Amino acid sequence: MPSDIIYIDDEPQHLLAAAKAVRAGKRFAEFMPPDLDGAGAEAAVANLWVFDFYNDDEERKKPSLRGTASNGLSVFQQFRQLVGDARPPAVVVSNHLEAALGSDINPARRHILAEEFGVEWVAPKTLGNGGDVIAEILALADAAETLRASSARLKAAGPSEYVAELCHLALKLPQNVEWQRAAIREASGWRPPIWLEGGEDHRVQSLREELAIDPEIRSVRGVIAWMLRQVLPYPSFLVRDRHVAVRLGISLPCLRAVNEAASGLSKSLKRVRYKGVLSDFDAPRWWGAGVDAIEWGLPRQREARSESLRQLCAPIPLVELEVADPVVVSDADLVETDEIAAAADCVRASDEHFPAEAAPAWVKIVDAKQDKALARKVRQEDQRELVDPA
Amino acid sequence: MSVLIDLADYLEEVEAFVALAEEFVDKSSALRLSDVKRELKTGIDFGQSEWSWETREDILFRPSRLYDGPGRTHVDTWLNLGFKCDFIRPKSVKKSRTVWEIVGSATHVTISKDDGHMSCHFDYKNRGQWGPQLHFQVSEDIGNLPIPRILSPSFLPTDCADLILAELHPEAWRQLQAAGTSSRHVSVIREAQEHRTKTYVENIANMWRGDTKSTRVCMLQNYTATIAALPDRRGRSLARPW
């Protein structure tokens, strides 16, 4: 595969070594600022742009308003000027993200930081020895490639077929499964970005003549941004194993053990596992409609249901959730944890970053009582639970 | 006589009702409420010829104190609601349609406060019973009495919940319906209820016209609807062939 990732860094060795370790070194076209000659033509057709934030140690040690900034975001803006809106997804990497952003970094909320930066993703450069970052970068570039390859069909799809086409082509929704319609309907509820028609090239005349762009990349980027900012960080039409556990009424350790074993349930879950773009991004996910289909097949009566689950989990002993109305507990940043608690012990909370379609997070009452910032995120109708009875 | 229902059409009503009633549901039942919606969708999608839509656990609504009359205050009074609707697709209905026959429906309601509770249910009567086909009945647990059965055209779970909420939260439930942000949901429910109720009222009027001798109330106590299919929320009859 020719280079499809533009990488701008004054010290690219570390990340490139990690890329070579997974036989992906040739996918990177690296440039060291300020020498960016020749990068424009490749950037215009790339699947991904990657910028190191600090390209000048002095700039990091003593930021000032003097001279011309050479940090990754400044270079990003230069690249943007070259191709206008027809740019691929962009990633900012840095081992000094806190300094770059000037605030704390919660790895689970990187989608919010990226939005603040005006890019699609941010990552610490040497996270997990560079391997994890490379996996993320390659997943993003692969996603762009998959979407590009599907662009003709997505563009041609009629209004009523578009979401189904997107589900099948990009999200790899299995064909001919009985939960297919439910999955498409749920995905549609999360308002995937529409595939844009041609549109005008608003760049200056000289650039229009000099540098060809691919207008489809705008829609490619739109879908990837939608996945990164809305679909993946929240329980959506794709859910993590915590939600699978809650829906099936199984403890999370039991479900994880069952998934590792050759059990009836692991086979069923394999059939509803999400395998589309960015599927390996930050833990596996399952189609919510597929999990519902498994659930639908279980008996309604409590004892018969338990027996059926026991058989499905074998050889792993079934451990059912003991709590009434189980919910996945989130922390003070509204990031979901592995804890499952009774809804009666929790309150619902959300913040301005939650997509309109996302259900509120559940936080422990005891936590919200101790944390004023968290308490402010609690829904109005649940606020009374935070007040101790007189 | 059983009646046909287009469940895809009713699903719109359920979604609107869930959105409207969400803030009246105790938070511990929030997921039960979304489960109800999801299970109806899944049932429709799976299209089995015979299936049930039901609550696994009762949905608990938030309590009210002001429901009796002006100036009358009670202690917190709660509402629990659970239901089971059984559907069968008749042979005459194509598998591609989202139309089923309601062969039975029971919505159980318990209203409780610290010093007591009252259980009742809204039934779409089974064939072995006397009394109105669609009826409200106090639980037989109270006095071991299956009567009286009182005619109630509210028999779908959303209608039963609407009926009880209108009494338990008289002010708040009406205020919410009057709010501009609720208008879309309210109009979906209102139109569907109106067309459905009208169909039964006209059916009862026809029954009365056909019998000049019996007392009207007595006739109601033996009422079995002769309605082939519930109208959709726009008042249209289900298009034949099913």
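Just so it is clear, the model here is predicted, and its values are computed rather than measured. (Residues numbered from 1 in each chain as written. Chains lettered and ligands numbered in written order. Predicted model: local features only at pLDDT ≥ 70, side-chain atom pairs only at ≥ 80, totals over all residues. Heavy atoms only, no water.)

Enquirer: So what's going on with the packing of helix α3 (residues 157-168) of chain B against helix α4 (residues 170-178) of chain B? Which residues, and what values?
Expert: All names here are of chain B. Running from N to C, α3 and α4 point in directions that differ by 120 degrees, and their axes come no closer than 5 Å. Of the residues in α4, those touching α3 at Asp162, Leu165, Ala166, Glu167 and Leu168 are Pro170, Trp173, Arg174 and Gln177. In terms of residue class, the contact of α3 with α4 is built from five nonpolar, one polar and three charged. (Axes fitted to C-alpha atoms, helices over the stretch in contact; angles between N-to-C directions. Helix = DSSP H or I, 4+ residues; strand = E, 2+ residues; numbered from the N terminus. Contact = heavy atoms within 4.5 Å. Nonpolar A, V, L, I, M, F, W, Y, C, P; charged D, E, K, R; others polar.)

Enquirer: I'd like a rundown of the sheet that holds strand β2 (residues 28-31) of chain A, residues and numbers included.
Expert: All names here are of chain A. Pairing is parallel across the open sheet formed by five strands, whose spatial order is β2-β1-β3-β4-β5. Two strands bound the open sheet, and with one partner strand each, they are β2 and β5 (121-123). Each strand axis lies, on average, 20 degrees off the axis of its neighbour in the sheet, ignoring direction. Bridge count between strand β4 (residues 90-93) and β5: three bridges; the pairing is parallel. Following the sheet pairing, valine 93 is matched in β5 by alanine 123. Together, β1 (5-8), β3 (48-52) and β4 form the strand contacts of helix α4 (residues 72-83), whose direction differs from that of β3 by roughly 150 degrees. (Pairing = 2+ DSSP bridges.)

Enquirer: I'd like a description of empty space enclosed by the protein, backed by residues and values.
Expert: All names here are of chain B. Following the criterion strictly, the structure yields two cavities of 30 Å³ or more and no others. Taken together, 14 residues form the lining of the largest cavity, with Phe17, Leu33, Val36, Phe83 and Thr158 sitting closest to its centre. When contributions to the lining of the largest cavity are tallied by element, the ones reaching two or more residues are α1 (7-21), α2 (30-46), β3 (59-64), β4 (77-88) and α3. The element that contributes the greatest number of residues to the lining of the largest cavity is α1, accounting for four residues. A volume near 90 Å³ is recorded for the second largest cavity. Surrounding the second largest cavity, Ile5, Asp6, Asp9, Tyr10, Glu13, Leu156, Ala192, Arg196, Leu230, Pro231, Asp232 and Leu238 form its lining. If you list the elements that add at least two residues to the lining of the second largest cavity, you get β1 (3-6), α1 and α5 (183-209). (1 Å grid on protein atoms, 1.4 Å probe; cavity = no way out; pocket = protein on both sides within 12 Å on 5 of 7 lines; lining within 4 Å. Points joined across faces, edges and corners; volume = space filled by probe spheres on them.)

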